[in-house]
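Analysis of the macromolecular model
Residues per chain are reported as follows:
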Amino acid sequence: MATQGQLKYRRMLIKLSGEALMGECDYGIDPNVTKRIAQEIGALIAAGVEVAMVIGGGNIFRGAGLAANGVDRVTADHMGMLATVINALSLQDALENYGSKVRVMSAIKINQICEDYIRRRAVRHLEKKRVVIFAAGTGNPFFTTDSAASLRGIEIGADIVLKGTKVDGVYSADPLRDANATFYSRLNYDEVLQRNLQVMDATAIVLCRDHNMPLRVFNMNKPGAMMRIAQGDDEGTLVERG
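Predicted model, so just to flag it, every value in this text is computed and none were measured.

What follows deals with the sheet that holds strand 11 (residues 237–240). An order of 4-3-5-2-1-6-10-11-9 is seen for the 9 strands of this open sheet, with the pairing classed as mixed. Whereas interior strands pair on both sides, the edge strands pair on one side only; in this sheet they are strand 4 (115–116) and strand 9 (186–188). By the bridge criterion, 4 bridges tie strand 1 (residues 11–16) to strand 6 (residues 160–165) in an arrangement that is parallel. Counterpart to Met 12 in the pairing with strand 6 is Ile 160.

As structure tokens, this is what we get:
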């Protein structure tokens, strides 16, 4: 297990997609996935890392997809926000079962279920070694959970934002469909935007660029990947200022 002296990053914001929670299922949440995530996050906390998380809702509802099928976009995005709250509560339960202390903070008011998002309170939770899960995106329609991850990472003073995916990092094309796709170990923000690499949406990348927030894209299915990143290993793809 890593010690605090071995850590490169002391405070991390981890972004996971809702689809990541499906595992081998076609829909919803695979408990085996949340258990594995909980174990890895628990190891980070034990090593002295302060961990915040943003989770998507695409395993339940995706606002943009619903809007494309005729649902009012604002209504669809609100439905997507509620889906992220469901996922956040699932992660909270899994993490608590492995001994972590957790707070879910929502950008929309659901006081009987979780706390309102207040930046200073979130930072205080992190300082007390509680995992903080940010739910409901930014609380605004038309903004993705990728944008929420960049925004929250900047607000809480994270050292880095991690984006978990199903592949080993950023490629020139989808490596699951194109065997000739080129892997990038390092990129700068403008290269991601100009090449339309779709690491995260453009708003999220611009936020990271304008606030000099490093972003690392990694394969969330590789055991120990988050710990290796915390220790400074060259895992996945690093996006930073050129």
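There's plenty left to go through after this.
You will see that Gln 198, though not glycine, has its phi angle at about 55 degrees, which is positive. In this structure, Asn 212 is a non-glycine residue whose phi angle is positive, near 55 degrees. In this structure, Asn 212 sits in the loop between helix 7 (202–210) and strand 10 (215–219). Given a relative accessible area of 41%, Asn 212 falls into the partly exposed group.

So, on to the packing of aromatic side chains. A complete count under the given rule lists 2 aromatic pairs for this structure. Across the ring face of Tyr 117, the terminal group of Arg 152 is positioned such that the distance to the ring centre comes to 3.8 Å. The ring of Phe 134 carries Arg 152 above its face, with NZ or CZ at 5.9 Å from the centroid.

Cut-offs used in this document
- Residues numbered from 1 in each chain as written.
- Predicted model: local features only at pLDDT ≥ 70, side-chain atom pairs only at ≥ 80, totals over all residues.
- Heavy atoms only, no water.
- Pairing = 2+ DSSP bridges.
- Helix = DSSP H or I, 4+ residues; strand = E, 2+ residues; numbered from the N terminus.
- Buried < 20%, exposed > 50% of the residue type's maximum accessible area, 1.4 Å probe, protein only.
- Phe/Tyr/Trp six-rings, centres within 6.5 Å; stacked < 30°, edge-to-face > 60°.
- Lys NZ or Arg CZ within 6 Å of the ring centre and 35° of its normal.

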